[in-house]
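Here's the letter readout for the chains.
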Amino acid sequence: MALDAAILLAAGGGTRMKTRIPKPLFTLAGKPFIIRIMSAVDHLHPRIMSVVTRYGKEQVEAVALRAFPDAVMVHQDAHPGTGRAVQCALASLEERINQLDPEQNGSILIAATDMPLLNTATLMTLLEAHDHSDDVATVLTTHLDNPYGYGRIVRAADQSVACIVEEKDATDAQRQITEVNTSVYVFKTSVLKAAIRNLNSHNAQNEFYLTDAMEFARQYGHVGACAAPDSLAVEGVNDRIQLMNLAKAYNRRICEYWMREGVTIWDPESTWIDDEVRLGHDVELLPNTFLRGRTVIGEGSLIGPDVELDTMIVGQNAHIHRALMQQSTVGACAEVGPFSYMRPGCDLGAWAKQGTYVEMKKSTIGDNTKVPHLSYIGDCTIGDHSNIGGGTITANYDGVHKNKTIIGSNVHVGVDNMFVAPVEIADGVTTGAGAVIRHYVHRGSLAYSENTQHEVHNWHPKAQ
Ligand code: UD1
Ligand code: MG
(Lines give C-alpha, C1' and ligand atoms only; values in the text may rest on other atoms or scores of the structure.)
(Ligands and ions follow the chains in the order given, each with its own letter.)
Protein backbone atom coordinates (compact mmCIF):
# COMPACT_ATOMS: atom_id res chain seq x y z
CA MET A 1 0.00 0.00 0.00
CA ALA A 2 1.33 3.42 -0.90
CA LEU A 3 2.37 5.71 1.91
CA ASP A 4 0.57 8.96 1.12
CA ALA A 5 2.34 10.87 3.83
CA ALA A 6 4.45 10.64 6.93
CA ILE A 7 3.57 13.07 9.70
CA LEU A 8 6.34 13.57 12.22
CA LEU A 9 5.32 15.21 15.47
CA ALA A 10 7.90 17.72 16.63
CA ALA A 11 5.85 20.56 18.10
CA GLY A 12 5.88 19.57 21.77
CA GLY A 13 7.46 21.76 24.41
CA GLY A 14 9.75 19.04 25.75
CA THR A 15 8.73 20.29 29.22
CA ARG A 16 10.34 17.45 31.10
CA MET A 17 13.74 18.12 29.49
CA LYS A 18 13.75 21.58 31.19
CA THR A 19 15.61 23.11 28.30
CA ARG A 20 15.76 25.99 25.88
CA ILE A 21 16.77 23.56 23.11
CA PRO A 22 13.79 22.08 21.27
CA LYS A 23 13.66 18.36 22.07
CA PRO A 24 13.90 17.24 18.39
CA LEU A 25 17.32 18.92 18.26
CA PHE A 26 18.80 16.91 21.11
CA THR A 27 21.40 14.53 19.74
CA LEU A 28 22.14 10.87 20.21
CA ALA A 29 25.38 9.32 18.90
CA GLY A 30 26.09 12.57 17.11
CA LYS A 31 22.83 13.21 15.25
CA PRO A 32 19.74 15.27 16.16
CA PHE A 33 16.64 13.19 16.93
CA ILE A 34 14.71 14.82 14.10
CA ILE A 35 17.34 13.89 11.51
CA ARG A 36 17.55 10.31 12.76
CA ILE A 37 13.80 9.88 12.41
CA MET A 38 13.53 11.68 9.08
CA SER A 39 16.29 9.44 7.69
CA ALA A 40 14.51 6.31 8.92
CA VAL A 41 11.22 7.47 7.39
CA ASP A 42 12.80 8.66 4.15
CA HIS A 43 13.76 5.07 3.28
CA LEU A 44 10.04 4.23 3.15
CA HIS A 45 9.60 6.82 0.36
CA PRO A 46 6.45 8.52 1.61
CA ARG A 47 4.98 10.76 -1.08
CA ILE A 48 4.97 13.61 1.43
CA MET A 49 7.21 13.86 4.47
CA SER A 50 5.90 16.47 6.87
CA VAL A 51 7.11 17.74 10.21
CA VAL A 52 4.77 19.47 12.66
CA THR A 53 6.52 22.21 14.59
CA ARG A 54 5.71 24.92 17.09
CA TYR A 55 8.13 25.07 20.01
CA GLY A 56 11.51 26.22 18.69
CA LYS A 57 9.94 26.20 15.24
CA GLU A 58 12.62 28.16 13.35
CA GLN A 59 15.47 26.08 14.72
CA VAL A 60 13.77 22.74 14.15
CA GLU A 61 12.69 23.66 10.63
CA ALA A 62 16.13 24.91 9.68
CA VAL A 63 17.77 21.65 10.74
CA ALA A 64 15.08 19.50 9.10
CA LEU A 65 15.11 21.40 5.81
CA ARG A 66 18.89 21.46 5.57
CA ALA A 67 18.91 17.67 5.47
CA PHE A 68 15.56 17.15 3.67
CA PRO A 69 14.75 20.21 1.54
CA ASP A 70 11.58 18.60 0.13
CA ALA A 71 10.02 17.99 3.52
CA VAL A 72 6.85 19.99 4.26
CA MET A 73 6.83 22.01 7.47
CA VAL A 74 3.47 22.33 9.21
CA HIS A 75 2.67 24.80 11.96
CA GLN A 76 0.74 23.62 15.02
CA ASP A 77 -1.56 26.29 16.46
CA ALA A 78 -1.89 27.12 20.15
CA HIS A 79 -4.06 24.11 21.00
CA PRO A 80 -1.86 21.49 22.64
CA GLY A 81 -1.65 17.76 22.11
CA THR A 82 -0.47 15.08 19.71
CA GLY A 83 -3.98 14.90 18.22
CA ARG A 84 -4.01 18.61 17.54
CA ALA A 85 -0.65 18.26 15.80
CA VAL A 86 -2.16 15.72 13.40
CA GLN A 87 -5.28 17.86 12.88
CA CYS A 88 -3.04 20.76 11.86
CA ALA A 89 -0.99 18.51 9.58
CA LEU A 90 -4.02 17.10 7.79
CA ALA A 91 -5.56 20.56 7.33
CA SER A 92 -2.35 21.82 5.85
CA LEU A 93 -1.65 18.78 3.66
CA GLU A 94 -5.22 18.17 2.53
CA GLU A 95 -4.86 19.55 -0.97
CA ARG A 96 -1.61 17.75 -1.66
CA ILE A 97 -2.98 14.44 -0.38
CA ASN A 98 -6.16 14.84 -2.46
CA GLN A 99 -4.10 15.49 -5.56
CA LEU A 100 -1.82 12.51 -4.98
CA ASP A 101 -4.50 10.10 -3.83
CA PRO A 102 -8.03 11.04 -4.94
CA GLU A 103 -9.33 7.64 -3.76
CA GLN A 104 -7.78 8.11 -0.30
CA ASN A 105 -6.79 4.48 -0.50
CA GLY A 106 -3.28 4.86 0.77
CA SER A 107 -2.09 5.19 4.31
CA ILE A 108 -0.44 7.74 6.54
CA LEU A 109 2.39 7.04 8.94
CA ILE A 110 2.54 9.11 12.12
CA ALA A 111 5.51 9.11 14.47
CA ALA A 112 6.66 11.14 17.44
CA THR A 113 10.20 12.46 17.13
CA ASP A 114 11.34 11.70 20.65
CA MET A 115 12.37 8.12 19.84
CA PRO A 116 15.85 8.75 18.50
CA LEU A 117 16.55 5.10 17.66
CA LEU A 118 13.44 4.51 15.60
CA ASN A 119 14.75 2.83 12.46
CA THR A 120 13.54 1.82 9.02
CA ALA A 121 13.40 -1.90 9.89
CA THR A 122 11.02 -1.21 12.77
CA LEU A 123 8.84 1.02 10.61
CA MET A 124 8.80 -1.64 7.87
CA THR A 125 7.57 -4.21 10.40
CA LEU A 126 4.67 -1.92 11.26
CA LEU A 127 3.81 -1.14 7.62
CA GLU A 128 3.90 -4.82 6.67
CA ALA A 129 1.73 -5.79 9.62
CA HIS A 130 -0.72 -3.10 8.59
CA ASP A 131 -0.69 -4.12 4.93
CA HIS A 132 -1.15 -7.81 5.69
CA SER A 133 -4.13 -7.21 7.98
CA ASP A 134 -7.53 -5.66 7.49
CA ASP A 135 -6.63 -2.96 10.00
CA VAL A 136 -7.84 0.55 9.34
CA ALA A 137 -5.27 1.65 11.89
CA THR A 138 -2.31 -0.14 13.46
CA VAL A 139 -0.25 1.06 16.39
CA LEU A 140 3.31 0.02 17.10
CA THR A 141 3.59 -1.25 20.66
CA THR A 142 6.16 -2.65 23.01
CA HIS A 143 6.14 -4.42 26.36
CA LEU A 144 7.96 -2.70 29.19
CA ASP A 145 8.80 -4.02 32.66
CA ASN A 146 8.22 -0.50 33.89
CA PRO A 147 5.52 1.07 31.70
CA TYR A 148 5.24 4.20 33.87
CA GLY A 149 4.45 7.33 31.86
CA TYR A 150 3.44 5.58 28.65
CA GLY A 151 -0.03 5.22 27.15
CA ARG A 152 -1.35 1.69 27.84
CA ILE A 153 -2.85 -0.49 25.13
CA VAL A 154 -6.28 -1.69 26.21
CA ARG A 155 -7.29 -4.76 24.23
CA ALA A 156 -10.88 -5.74 23.41
CA ALA A 157 -12.10 -9.32 23.79
CA ASP A 158 -11.20 -10.04 20.14
CA GLN A 159 -7.65 -8.78 20.82
CA SER A 160 -8.15 -5.69 18.69
CA VAL A 161 -7.12 -2.37 20.24
CA ALA A 162 -10.06 -0.98 22.20
CA CYS A 163 -8.35 2.25 23.22
CA ILE A 164 -5.11 3.73 24.50
CA VAL A 165 -5.17 5.21 27.98
CA GLU A 166 -2.60 7.74 29.15
CA GLU A 167 -0.88 7.21 32.50
CA LYS A 168 -2.63 10.22 34.01
CA ASP A 169 -6.08 9.05 32.87
CA ALA A 170 -5.64 5.36 33.61
CA THR A 171 -7.36 3.37 36.33
CA ASP A 172 -5.20 1.32 38.69
CA ALA A 173 -6.09 -1.81 36.73
CA GLN A 174 -5.09 -0.18 33.44
CA ARG A 175 -1.77 0.92 34.94
CA GLN A 176 -0.92 -2.75 35.39
CA ILE A 177 -0.89 -3.20 31.60
CA THR A 178 2.65 -3.51 30.33
CA GLU A 179 1.91 -3.21 26.61
CA VAL A 180 2.45 0.45 25.73
CA ASN A 181 1.96 2.86 22.87
CA THR A 182 5.21 3.83 21.15
CA SER A 183 3.60 6.82 19.38
CA VAL A 184 4.08 5.30 15.94
CA TYR A 185 0.93 4.55 13.95
CA VAL A 186 -0.24 3.85 10.47
CA PHE A 187 -3.79 4.79 9.49
CA LYS A 188 -5.73 4.31 6.31
CA THR A 189 -5.80 7.87 4.97
CA SER A 190 -9.59 8.15 4.77
CA VAL A 191 -9.99 6.73 8.27
CA LEU A 192 -7.45 9.10 9.80
CA LYS A 193 -9.26 12.04 8.26
CA ALA A 194 -12.56 10.95 9.78
CA ALA A 195 -11.23 9.79 13.16
CA ILE A 196 -9.17 12.90 13.84
CA ARG A 197 -12.16 15.23 13.50
CA ASN A 198 -13.84 14.03 16.68
CA LEU A 199 -11.09 14.62 19.20
CA ASN A 200 -11.74 16.58 22.35
CA SER A 201 -9.58 17.62 25.27
CA HIS A 202 -11.63 16.16 28.10
CA ASN A 203 -8.75 14.47 29.85
CA ALA A 204 -6.28 14.95 32.66
CA GLN A 205 -3.94 17.04 30.51
CA ASN A 206 -6.59 19.10 28.67
CA GLU A 207 -4.94 18.14 25.41
CA PHE A 208 -6.13 16.71 22.12
CA TYR A 209 -4.79 13.17 22.30
CA LEU A 210 -3.91 11.42 19.07
CA THR A 211 -4.42 8.17 20.96
CA ASP A 212 -8.18 8.85 21.01
CA ALA A 213 -8.21 8.66 17.21
CA MET A 214 -7.46 4.93 17.53
CA GLU A 215 -10.70 4.44 19.46
CA PHE A 216 -12.67 6.50 16.92
CA ALA A 217 -11.11 4.49 14.09
CA ARG A 218 -12.95 1.39 15.37
CA GLN A 219 -16.09 2.81 13.78
CA TYR A 220 -14.51 2.13 10.39
CA GLY A 221 -13.01 -1.30 10.91
CA HIS A 222 -10.47 -3.35 12.85
CA VAL A 223 -7.83 -1.50 14.84
CA GLY A 224 -4.72 -3.55 15.47
CA ALA A 225 -1.34 -3.48 17.18
CA CYS A 226 2.05 -4.66 16.08
CA ALA A 227 4.88 -5.36 18.51
CA ALA A 228 8.18 -3.65 17.80
CA PRO A 229 10.91 -6.25 17.27
CA ASP A 230 13.53 -4.16 19.08
CA SER A 231 12.44 -2.32 22.21
CA LEU A 232 15.44 0.04 22.13
CA ALA A 233 14.25 1.36 18.76
CA VAL A 234 11.00 2.63 20.26
CA GLU A 235 12.20 3.94 23.57
CA GLY A 236 11.03 7.50 24.12
CA VAL A 237 13.05 10.33 25.58
CA ASN A 238 11.07 12.62 27.83
CA ASP A 239 13.73 13.59 30.32
CA ARG A 240 17.50 13.55 30.60
CA ILE A 241 17.57 10.34 32.61
CA GLN A 242 15.87 8.52 29.74
CA LEU A 243 18.21 10.23 27.28
CA MET A 244 21.33 9.07 29.09
CA ASN A 245 20.00 5.55 29.66
CA LEU A 246 19.24 5.26 25.97
CA ALA A 247 22.55 6.82 24.92
CA LYS A 248 24.40 4.32 27.11
CA ALA A 249 22.46 1.33 25.85
CA TYR A 250 22.97 2.36 22.23
CA ASN A 251 26.63 3.13 22.74
CA ARG A 252 27.09 -0.30 24.28
CA ARG A 253 25.63 -1.77 21.08
CA ILE A 254 27.96 0.26 18.91
CA CYS A 255 30.98 -0.79 20.99
CA GLU A 256 29.93 -4.44 20.83
CA TYR A 257 29.52 -4.15 17.06
CA TRP A 258 33.07 -2.84 16.70
CA MET A 259 34.49 -5.43 19.10
CA ARG A 260 32.97 -8.12 16.87
CA GLU A 261 34.62 -6.34 13.93
CA GLY A 262 38.06 -6.76 15.46
CA VAL A 263 38.47 -3.60 17.54
CA THR A 264 39.77 -3.81 21.10
CA ILE A 265 37.82 -1.53 23.45
CA TRP A 266 39.27 -1.57 26.94
CA ASP A 267 36.39 0.20 28.61
CA PRO A 268 33.13 0.43 26.62
CA GLU A 269 31.60 2.37 29.52
CA SER A 270 33.90 5.33 28.88
CA THR A 271 34.29 4.95 25.12
CA TRP A 272 31.70 6.82 23.08
CA ILE A 273 31.40 6.13 19.37
CA ASP A 274 29.03 7.99 17.03
CA ASP A 275 27.27 5.79 14.57
CA GLU A 276 28.97 7.10 11.42
CA VAL A 277 32.45 6.31 12.75
CA ARG A 278 34.41 3.62 10.86
CA LEU A 279 37.20 1.58 12.47
CA GLY A 280 39.77 -0.79 10.94
CA HIS A 281 40.78 -4.18 12.33
CA ASP A 282 43.08 -4.16 15.35
CA VAL A 283 42.27 -0.60 16.26
CA GLU A 284 42.70 -0.35 20.02
CA LEU A 285 40.66 2.15 22.00
CA LEU A 286 41.78 3.00 25.53
CA PRO A 287 39.46 4.47 28.18
CA ASN A 288 37.87 7.91 27.88
CA THR A 289 37.86 8.00 24.11
CA PHE A 290 35.20 9.95 22.19
CA LEU A 291 34.93 9.31 18.47
CA ARG A 292 32.56 11.77 16.88
CA GLY A 293 31.05 12.56 13.50
CA ARG A 294 32.47 10.78 10.47
CA THR A 295 35.73 9.80 12.06
CA VAL A 296 37.61 7.01 10.27
CA ILE A 297 40.52 5.17 11.90
CA GLY A 298 42.87 2.88 9.98
CA GLU A 299 43.95 -0.62 10.98
CA GLY A 300 46.14 -1.09 14.01
CA SER A 301 45.92 2.46 15.35
CA LEU A 302 46.08 2.97 19.10
CA ILE A 303 43.74 5.71 20.36
CA GLY A 304 43.46 6.92 23.95
CA PRO A 305 43.33 7.29 26.80
CA ASP A 306 41.56 10.69 27.02
CA VAL A 307 41.12 11.37 23.33
CA GLU A 308 38.35 13.22 21.49
CA LEU A 309 38.36 12.93 17.69
CA ASP A 310 35.72 14.82 15.74
CA THR A 311 35.41 14.03 12.04
CA MET A 312 39.03 12.90 11.76
CA ILE A 313 40.62 10.63 9.17
CA VAL A 314 43.41 8.65 10.82
CA GLY A 315 45.73 6.32 8.88
CA GLN A 316 46.99 2.90 9.89
CA ASN A 317 49.11 2.27 12.98
CA ALA A 318 48.87 5.83 14.23
CA HIS A 319 49.15 6.50 17.94
CA ILE A 320 47.06 9.24 19.52
CA HIS A 321 46.95 9.76 23.25
CA ARG A 322 45.47 12.57 25.33
CA ALA A 323 44.41 14.81 22.46
CA LEU A 324 41.53 16.83 21.08
CA MET A 325 41.50 16.73 17.26
CA GLN A 326 38.95 18.15 14.86
CA GLN A 327 38.22 17.86 11.12
CA SER A 328 41.73 16.95 10.07
CA THR A 329 43.79 14.10 8.68
CA VAL A 330 46.52 12.10 10.37
CA GLY A 331 48.86 9.91 8.28
CA ALA A 332 49.91 6.32 8.89
CA CYS A 333 52.21 5.69 11.85
CA ALA A 334 51.93 9.31 13.00
CA GLU A 335 52.17 10.05 16.69
CA VAL A 336 50.07 12.60 18.57
CA GLY A 337 50.08 13.63 22.20
CA PRO A 338 50.03 13.69 25.05
CA PHE A 339 48.18 16.99 25.53
CA SER A 340 47.82 18.01 21.88
CA TYR A 341 45.16 20.12 20.23
CA MET A 342 44.57 19.87 16.50
CA ARG A 343 42.03 22.35 15.18
CA PRO A 344 40.21 22.00 11.84
CA GLY A 345 42.05 21.92 8.52
CA CYS A 346 45.27 20.10 9.44
CA ASP A 347 47.03 17.32 7.60
CA LEU A 348 49.70 15.53 9.60
CA GLY A 349 51.91 13.34 7.38
CA ALA A 350 52.92 9.71 7.75
CA TRP A 351 55.39 9.04 10.59
CA ALA A 352 54.98 12.68 11.64
CA LYS A 353 54.61 13.86 15.22
CA GLN A 354 52.51 16.41 17.05
CA GLY A 355 53.91 16.18 20.53
CA THR A 356 53.26 17.45 24.02
CA TYR A 357 51.43 20.76 24.40
CA VAL A 358 51.36 21.42 20.68
CA GLU A 359 48.44 23.26 19.08
CA MET A 360 47.95 23.16 15.31
CA LYS A 361 45.45 24.90 13.05
CA LYS A 362 45.02 24.80 9.25
CA SER A 363 48.50 23.40 8.79
CA THR A 364 50.06 20.74 6.63
CA ILE A 365 52.91 18.83 8.21
CA GLY A 366 54.99 16.65 5.86
CA ASP A 367 55.95 13.00 6.27
CA ASN A 368 58.43 12.29 9.05
CA THR A 369 58.29 15.87 10.28
CA LYS A 370 58.19 16.33 14.04
CA VAL A 371 56.75 19.14 16.14
CA PRO A 372 57.53 17.55 19.48
CA HIS A 373 57.03 20.13 22.24
CA LEU A 374 55.18 23.28 23.35
CA SER A 375 54.45 24.90 19.99
CA TYR A 376 51.72 26.74 18.10
CA ILE A 377 51.64 25.96 14.39
CA GLY A 378 48.90 27.87 12.57
CA ASP A 379 48.32 28.54 8.83
CA CYS A 380 51.58 26.77 8.14
CA THR A 381 53.00 24.31 5.66
CA ILE A 382 56.03 22.27 6.61
CA GLY A 383 57.80 19.87 4.21
CA ASP A 384 59.10 16.37 4.94
CA HIS A 385 61.81 15.30 7.40
CA SER A 386 61.89 18.62 9.25
CA ASN A 387 62.18 19.10 12.98
CA ILE A 388 60.64 22.02 14.82
CA GLY A 389 62.32 22.95 18.09
CA GLY A 390 60.37 23.19 21.32
CA GLY A 391 58.55 26.44 22.00
CA THR A 392 58.24 27.47 18.35
CA ILE A 393 55.38 29.82 17.50
CA THR A 394 54.04 30.85 14.12
CA ALA A 395 52.89 34.44 14.59
CA ASN A 396 50.16 34.09 11.99
CA TYR A 397 47.90 36.97 12.97
CA ASP A 398 48.89 40.61 12.56
CA GLY A 399 45.67 41.82 14.12
CA VAL A 400 43.90 42.06 10.77
CA HIS A 401 44.91 39.14 8.55
CA LYS A 402 45.86 35.52 9.08
CA ASN A 403 49.19 35.01 7.29
CA LYS A 404 50.98 31.87 6.12
CA THR A 405 54.28 30.40 7.20
CA ILE A 406 56.03 28.06 4.78
CA ILE A 407 58.83 25.87 6.04
CA GLY A 408 60.65 23.54 3.61
CA SER A 409 61.83 19.94 3.89
CA ASN A 410 64.87 18.82 5.91
CA VAL A 411 64.68 21.98 7.99
CA HIS A 412 65.99 22.12 11.55
CA VAL A 413 64.28 24.82 13.53
CA GLY A 414 66.02 25.64 16.81
CA VAL A 415 64.15 25.93 20.08
CA ASP A 416 61.97 28.93 20.89
CA ASN A 417 61.74 30.26 17.33
CA MET A 418 59.17 32.75 16.17
CA PHE A 419 57.98 32.87 12.56
CA VAL A 420 56.45 36.26 11.84
CA ALA A 421 54.10 35.47 8.96
CA PRO A 422 53.90 35.87 6.06
CA VAL A 423 57.31 34.27 5.86
CA GLU A 424 59.02 31.40 4.09
CA ILE A 425 62.16 29.36 4.69
CA ALA A 426 63.49 27.05 2.01
CA ASP A 427 64.60 23.40 2.19
CA GLY A 428 67.60 22.41 4.25
CA VAL A 429 67.63 25.53 6.45
CA THR A 430 68.83 25.47 10.03
CA THR A 431 67.74 28.17 12.48
CA GLY A 432 69.40 29.10 15.74
CA ALA A 433 67.82 28.96 19.19
CA GLY A 434 65.48 31.87 19.90
CA ALA A 435 65.50 33.11 16.28
CA VAL A 436 62.82 35.53 15.16
CA ILE A 437 62.36 34.82 11.46
CA ARG A 438 60.77 37.71 9.54
CA HIS A 439 62.27 37.29 6.07
CA TYR A 440 62.83 34.63 3.46
CA VAL A 441 65.68 32.22 4.28
CA HIS A 442 67.51 30.64 1.33
CA ARG A 443 68.04 26.95 0.76
CA GLY A 444 70.74 25.39 2.92
CA SER A 445 71.36 28.54 5.04
CA LEU A 446 71.71 28.99 8.76
CA ALA A 447 69.46 31.74 10.08
CA TYR A 448 69.79 33.17 13.57
CA SER A 449 68.89 36.46 15.17
CA GLU A 450 71.00 38.44 17.59
CA ASN A 451 70.06 38.03 21.15
CA THR A 452 72.96 39.49 23.06
CA GLN A 453 73.75 38.03 26.42
CA HIS A 454 74.87 40.62 28.98
CA GLU A 455 76.50 39.93 32.28
CA VAL A 456 76.83 42.28 35.27
CA HIS A 457 79.38 41.02 37.75
CA ASN A 458 78.89 41.01 41.51
CA TRP A 459 75.24 41.88 41.28
CA HIS A 460 73.65 42.13 44.73
CA PRO A 461 70.06 43.28 44.57
CA LYS A 462 69.20 45.37 47.61
CA ALA A 463 65.90 45.26 49.41
CA GLN A 464 64.13 48.61 48.91
C1 UD1 B 1 2.86 10.05 23.90
C2 UD1 B 1 1.56 9.25 23.81
C3 UD1 B 1 1.68 8.02 24.71
C4 UD1 B 1 2.88 7.20 24.31
C5 UD1 B 1 4.15 8.05 24.31
C6 UD1 B 1 5.28 7.24 23.71
C7 UD1 B 1 -0.28 10.81 23.41
C8 UD1 B 1 -1.41 11.51 24.01
N9 UD1 B 1 0.45 10.06 24.24
O10 UD1 B 1 3.00 10.51 25.22
O11 UD1 B 1 0.49 7.24 24.59
O12 UD1 B 1 3.01 6.08 25.17
O13 UD1 B 1 3.96 9.22 23.51
O14 UD1 B 1 6.48 7.93 23.82
O15 UD1 B 1 -0.08 10.90 22.22
N16 UD1 B 1 3.87 16.80 20.15
C17 UD1 B 1 3.40 17.71 19.22
N18 UD1 B 1 2.47 18.63 19.61
C19 UD1 B 1 1.98 18.67 20.88
C20 UD1 B 1 2.46 17.72 21.82
C21 UD1 B 1 3.39 16.79 21.43
O22 UD1 B 1 3.84 17.70 18.06
O23 UD1 B 1 1.15 19.52 21.15
C24 UD1 B 1 4.90 15.84 19.74
C25 UD1 B 1 6.16 15.95 20.60
O26 UD1 B 1 7.06 16.86 20.00
C27 UD1 B 1 6.67 14.51 20.59
C28 UD1 B 1 5.41 13.68 20.43
O29 UD1 B 1 4.41 14.54 19.93
O30 UD1 B 1 7.53 14.24 19.50
C31 UD1 B 1 4.96 13.02 21.73
O32 UD1 B 1 4.75 14.05 22.69
P33 UD1 B 1 5.08 13.81 24.22
O34 UD1 B 1 4.66 15.02 24.96
O35 UD1 B 1 6.43 13.29 24.42
O36 UD1 B 1 4.02 12.65 24.56
P37 UD1 B 1 4.16 11.55 25.67
O38 UD1 B 1 3.74 12.09 26.97
O39 UD1 B 1 5.48 10.90 25.59
MG1 MG C 1 7.23 11.39 24.65
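Predicted model only: the values in this text are computed from it and were never measured. (Residues numbered from 1 in each chain as written. Chains lettered and ligands numbered in written order. Predicted model: local features only at pLDDT ≥ 70, side-chain atom pairs only at ≥ 80, totals over all residues. Heavy atoms only, no water.)

## Some remarks on the coordination of the magnesium ion (ligand 2)
Protein-derived ligands of the magnesium ion (ligand 2) are Asp114 (OD) and Asn238 (OD1), with the metal-ligand distances lying across 2.2 to 2.3 Å. Residue Asp114 is located in the loop between β6 (107–112) and α4 (120–131), and its partner Asn238 is located in the loop between β11 (223–227) and α8 (240–260); the two are separated by 124 residues in the primary sequence. Given the relative accessible area of 16%, Asp114 is considered buried. Judged by its relative accessible area of 16%, Asn238 falls in the buried class. (Donors = N, O, S within 2.8 Å, 3.2 Å for Na, K, Ca; no water. Helix = DSSP H or I, 4+ residues; strand = E, 2+ residues; numbered from the N terminus. Buried < 20%, exposed > 50% of the residue type's maximum accessible area, 1.4 Å probe, protein only.)

## Re the pairing of strand β27 (residues 353–361)
Examined bridge by bridge, strand β24 (residues 335–336) and β27 share two bridges and lie parallel to one another. Counted as the bridge partner of Glu335 is Lys353 from β27. Pairing geometry for strand β25 (residues 340–342) and β27, over three bridges, is parallel. Bridging from a neighbouring strand, Met342 pairs with Met360 of β27. The pairing of β27 with strand β29 (residues 370–378) spans seven bridges and is parallel. The residue of β29 that forms the bridge with Lys361 is Gly378. (Pairing = 2+ DSSP bridges.)

## What about the domain arrangement of the protein?
The domain boundaries assigned to the protein delineate domain 1 (3–234) and domain 2 (240–447). Between the C-alpha centres of domain 1 and domain 2 there is a distance of 45 Å. Listed by partner, the interface residues are 15 residues for domain 1 and eleven residues for domain 2. For the pair domain 1 and domain 2, the two sides together bury roughly 1,100 Å², of which 61% comes from carbon and sulfur. On the surface where domain 1 and domain 2 come into contact, there are four salt bridges. Residues Asp275 and Arg36 are paired through a salt bridge, measuring 3.0 Å at the closest nitrogen-oxygen approach. Summed over the shared surface of domain 1 and domain 2, the result is six residue pairs in polar contact (both at pLDDT 80 or more). Going through the elements one at a time, β2 (27–28) and α1 (33–42) are the ones with two or more residues in the side of domain 1 that touches domain 2. (Domains from an automatic or database assignment. Contact = heavy atoms within 4.5 Å. Buried area = accessible area lost by both parts, 1.4 Å probe. Salt bridge = Lys/Arg side-chain N within 4 Å of Asp/Glu carboxyl O. Polar contact = N/O pair within 3.5 Å; in protein donor to acceptor, adjacent residues only side chain to side chain.)

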